[in-house]
Every structure is written in structure tokens, then in C-alpha cells.
Amino acid sequence: MKKLSLIFTDVRFSKIFILGIISGMPFAILYTTLIAWLNHYEINFATVTILATARMPYSMKFLWSPAIDYFHIPILTKHLGRRRSWMFLTSVGIASILYYLSFLTPSESVFNRILILSIIIGFLAASYDIAYDALRIEMIEPEMQALGVAHATLAYRLGLILTGACAISAGQLQGWKFTFQIMSWLFILGACLCLVIQTSLETIKHDGGFFLETAKSFQDLFKRKHIILILSTVILYKLGDAMLAFSGMKFYVVAGFTLVQIGLVVKTFGLIATIIGSYVGGMIMMRYGTLRGLMICGTAQMVTNLGYIWLNHAHGDMRVFLITNICENFTGGMGAGALSGYISILCSVKFAANQFALLSSCSAFMNSFLTSFTGTLVKIMGWDTFFVFTAAVSMPALGLIYILNKKIQTDQIEENNSGK
């Protein structure tokens with residue numbers, strides 16, 4: 001309990017929280033606010049959907065994360081350190097683009113300009129996340145990483161609200177020029193926070209050039225014992241949960257719920273359950289250890305998937321919808337917090353930006369690829385069997401964790417015996 005109280009008393013967690021809000025703001029702009037802005041000016045929907053490309057940098061950030069680890073920004077790095085200097089620079093860049101966008105009136109003729117600027121926002125936002133995740137890993141002890149992730153998750157959600165729901169409301173009430181300028185000033189405020197929030201200014205020196213250091217980063221990761229088991233666990237751990245989440249909206253409609261009911265349950269109660277679950281996952285990781293914590297959280301998220309069979313036969317009962325969705329989001333938050341905490345523990349401080357981006361991207365890419373087949377699976381299996389399948393595909397990851405834990409225990413015994 002003493003360690004748990006640190007999330008409320010340790011100033012490092014407050015810093016993670018504040019900087020995490022900035023991390024969440026760009027995604028809502030790319031995902032909802034820009035689309036609402038273009039729809040307001042009645043831009044063709046087929047054209048608007050092209051903006052989805054602006055979110056691609058989030059899933060491709062491992063391609064340039066080595067640069068965030070290696071390159072120092074003149075003057076800024078000396079005064080802010082490696083991580084905050086990149087966070088400051090990217091925040092100023094996003095602020096500048098948003099301020100410029102405030103003077104544009106969307107039309108087919110300027111859409112290409114808006115698209116290019118949106119992609120740049122995506123690139124800058126993903127770069128901020130690379131530096132932010134690395135800073136979080138550097139600041140917190142390994143056993144506290146999952147709780148750090150939970151704090152970051154809550155902050156991220158608040159950032160989404162600021163530039164998502166709040167920005168759209170302001171756009172309707174005060175006009176879009178005002179809205180974009182307010183969002184621009186929010187990022188300027190974020191940049192100022194990057195300046196004033198103190199973190200370690202230790203600059204890790206690199207012995208070789210950029211490509212050599214990048215190779216060392218990969219070597220540092222892949223030379224570890226049982227790395228194949230570790231990577232397989234990271235890739236498969238959230239697969240069943242991701243498949244369920246991807247098909248959720250379609251299922252809720254088929255089950256007879258209205259969009260208002262879905263929004264109330266999923267976006268309100270489900271969101272709260274996810275955030276609480278991520279903290280619980282962090283506490284479990286801290287209490288029971290990394291691999292046992294992963295096993296507990298993974299088992300919980302697997303079991304609650306089966307609750308959707310109950311919902312499928314509940315004939316639109318809101319109470320059942322509320323219970324199953326809260327349970328699924330709660331355990332999903334546990335699993336997400338546990339996995340991100342585990343990935344954070346795996347990263348070396350020197351190469352934290354590159355390694356976290358690589359590992360998290362591996363998990364996200366595989367989940368995105370395999371969940372693209374969920375529609376076909378539902379058509380072949382039917383909903384009940386599909387829900388059983390989403391639970392079943394979680395079992396290989398749990399088996400891998402069990403094997404990995406046994407191997408690590410064996411290694412420790414052998415090390416102890418050899419030391420005698």
C-alpha cells in the first residue's frame with residue numbers, strides 16, 4: 001500500500017499525468033475534430049475519409065523512433081534533456097499548424113493542403129508519443145511501470161476530450177476559427193509545460209554513429225534470453241480482446257441497442273471501467289510480479305469475453321448490456337495496462353524510445369491485421385461461437401506466459417546453483 005500511495009504523492013506521477021494530456025490531444029483532432037470541421041463545410045465524405053492516412057504515423061512510428069533516441073536538438077537538449085526537447089519541439093510544430101488551419105476555409109481546392117498538414121500533425125504527434133513513452137520509462141522504477149501506464153492512460157483520455165468533444169462543441173458555438181486557435185494555444189501551453197516541468201537532464205552518450213547505435217538497440221533487445229517467447233507473448237496477448245472490440249459496434253446494433261444507448265454505455269461507463277481497470281492491472285503487476293500479473297489480467301480479459309454470449313440472448317436488456325460492457329472494459333483495461341507495463345520493463349533506458357515503439361507497434365500491427373478478418377469469422381461462426389473464439393485465441397498467450405515463467409525460474413535456479 002505504501003508503494004501504491006506514491007501515485008498520489010510522488011511528483012513524478014504528476015509530471016507523467018500532465019505531459020500525458022498533451023499526448024492525447026492530437027489523436028482526437030485527427031480522429032474526430034478535423035472530420036467534423038470538413039463535414040460542416042459539406043466536403044464530400046469520400047474525400048473526408050482520406051484523412052485516415054493522417055493517423056498512419058501512429059502505427060509506423062518505429063520507423064523513426066531510433067532518431068528520437070539518437071539525435072540531440074541543439075541548445076534544447078542541453079537545457080531540457082533528450083526527451084523533453086523533442087516533446088517541446090513537436091508541441092510547437094502542432095500549435096503552428098493548427099493556427100495556420102484556423103485561417104483556412106475547407107473546400108475541395110484546399111483539401112490537399114489540409115491533408116498534408118494533417119499528416120504532418122500525425123507525424124509530430126507520434127514523435128511526441130515516442131519521446132513521452134521513453135521519458136515515462138526513464139522516470140519510473142520497473143515494478144511501478146504498469147501504474148505509470150495507468151496514469152498516462154487517464155491523462156491521454158482527458159486530452160482526447162479536450163480536443164475532441166470540447167473542440168467540436170466550441171466549433172458549433174463559437175466558430176471553427178476560434179476553435180483551431182484555442183487548440184493551438186493549448187499546444188503552446190503544453191510546450192511551456194515541457195519547459196518548466198523538471199526531469200533528469202542526463203544525456204546518454206552514444207559511442208557510434210546513428211546506424212551503429214540503431215543496430216545496438218535491436219541487438220540489445222534480441223540478444224535477450226527467451227526473446228522469441230517474449231515477442232510472441234507481446235504480439236498475441238491482446239488479440240482476443242482486440243477482435244471483440246473491433247466487432248463491438250456492429251454487434252451492439254444487431255443486438256437491438258440504439259446509438260444513444262451504445263454511446264451512453266460504451267463512451268461513459270465503459271470508458272470509466274477501462275481507466276479503473278488499468279490502475280487495477282498496475283496494482284496486480286506490482287503485487288504479484290510481472291509474469292504472474294500478466295497471467296491474472298490476461299485470464300480475466302479472456303473470461304469476460306464469454307459474457308457477450310449472455311448479452312446476445314438478452315433481447316436488448318440494458319442491464320445486461322451495462323454489466324457485460326463494464327466487465328469487458330474493466331478487464332480490457334487491466335490487460336492493456338499490464339501489457340504496456342511489461343513492454344516498458346523490457347526496454348533498456350538507453351534505447352527506450354526505439355524499443356518501446358517497436359514492441360508496441362508489433363502488437364498493434366498484428367492486432368490490426370488479424371482483426372480485419374472478424375467480419376468473415378462472424379459470418380462463418382455466428383456471434384456465440386465468435387465470442388468463444390475470441391476467448392480461445394487468448395489462450396496461446398497465457399500458455400506462453402506460463403512457459404516463459406517456468407524457464408525464467410529454471411534459469412534463476414541454475415544461476416543460484418552455479419554461484420554456490
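Residues numbered from 1 in each chain as written. Predicted model: local features only at pLDDT ≥ 70, side-chain atom pairs only at ≥ 80, totals over all residues. Heavy atoms only, no water.

- The name that an unreviewed UniProt entry assigns to the protein is AmpG protein, with the source organism given as Candidatus Phycorickettsia trachydisci.
- According to UniProt, the comment filed for the protein under the heading Subcellular location (unreviewed entry) is "Cell inner membrane".
- According to its UniProt record, the protein has this under Sequence similarities (unreviewed entry): "Belongs to the major facilitator superfamily." (UniProt positions renumbered as here; feature names shortened; annotations may be inferred.)

### What to know about helix α19 (residues 374–381)
Part 1 of the argument: Along α19, the residues classified as buried are T374, L377 and V378. Taken end-on, α19 shows its buried residues confined to a sector of 100 degrees, consistent with a single buried face. Set apart from the buried face of α19 by more than 90 degrees, the exposed residues are K379 and I380.
Part 2 of the argument: In the core, the buried residues of α19 are packed alongside α13 (239–254), α18 (352–371) and α20 (383–392). (Buried < 20%, exposed > 50% of the residue type's maximum accessible area, 1.4 Å probe, protein only. Helix = DSSP H or I, 4+ residues; strand = E, 2+ residues; numbered from the N terminus. Arc of directions from axis to C-beta. Contact = heavy atoms within 4.5 Å.)

### Here we look at the packing of α13 against α18
Part 1 of the argument: In contact at an axis separation of 9 Å, α13 and α18 are set at 50 degrees when each is read in the N-to-C sense. Our classification of the angle between α13 and α18 gives oblique. Along this stretch, α13 crosses α18, giving a crossing that reads as right-handed. When α13 is examined against α18, the residues L239, A242, M243 and F246 are found in contact with a partner set consisting of N367, L370 and T371.
Part 2 of the argument: Class assignment of the residues belonging to the contact of α13 with α18 gives a composition of five nonpolar, two polar and no charged. (Axes fitted to C-alpha atoms, helices over the stretch in contact; angles between N-to-C directions. Parallel < 35°, antiparallel > 145°, perpendicular 65-115°, else oblique. Left-handed = near helix turned anticlockwise from the far one by under 90°. Nonpolar A, V, L, I, M, F, W, Y, C, P; charged D, E, K, R; others polar.)

### Some details on the side chain of S65
Part 1 of the argument: Secondary-structure assignment places S65 in helix α5 (residues 65–70).
Part 2 of the argument: Non-local contacts of S65, meaning those with residues more than four positions away in its chain, are made with I130, A353, N354 and A357.

### Comments concerning unusual backbone geometry
Part 1 of the argument: In the Ramachandran plot, H226 falls in the positive-phi region, its phi being about 60 degrees despite a non-glycine side chain.
Part 2 of the argument: Tracing the backbone shows H226 in the loop between α11 (210–222) and α12 (227–236).
Part 3 of the argument: You can call H226 partly exposed: its relative accessible area is 23%.
Part 4 of the argument: Of note in the backbone geometry, H315 takes a positive phi value of approximately 55 degrees without being a glycine.
Part 5 of the argument: Mapped onto the elements of the fold, H315 is located in the loop between α16 (307–312) and α17 (318–346).
Part 6 of the argument: For H315, a relative accessible area of 78% puts it in the exposed group.

### Focus on the packing of aromatic side chains
Part 1 of the argument: Across all of its chains, the model carries 21 aromatic pairs by this definition.
Part 2 of the argument: Each ring, one from Y99 and one from F103, has its centre 5.3 Å from the other, and the planes form 75 degrees; the classification is edge-to-face.
Part 3 of the argument: Residue class for F103 comes out partly exposed when judged on its relative accessible area of 47%.
Part 4 of the argument: These aromatic residues form a ring-pair network of at least three members: F251, Y252, F257, Y308, F321, W383, F386 and F387.
Part 5 of the argument: Over the ring of Y288 we find R287, and its NZ or CZ is 5.0 Å from the ring centre. (Phe/Tyr/Trp six-rings, centres within 6.5 Å; stacked < 30°, edge-to-face > 60°. Lys NZ or Arg CZ within 6 Å of the ring centre and 35° of its normal.)

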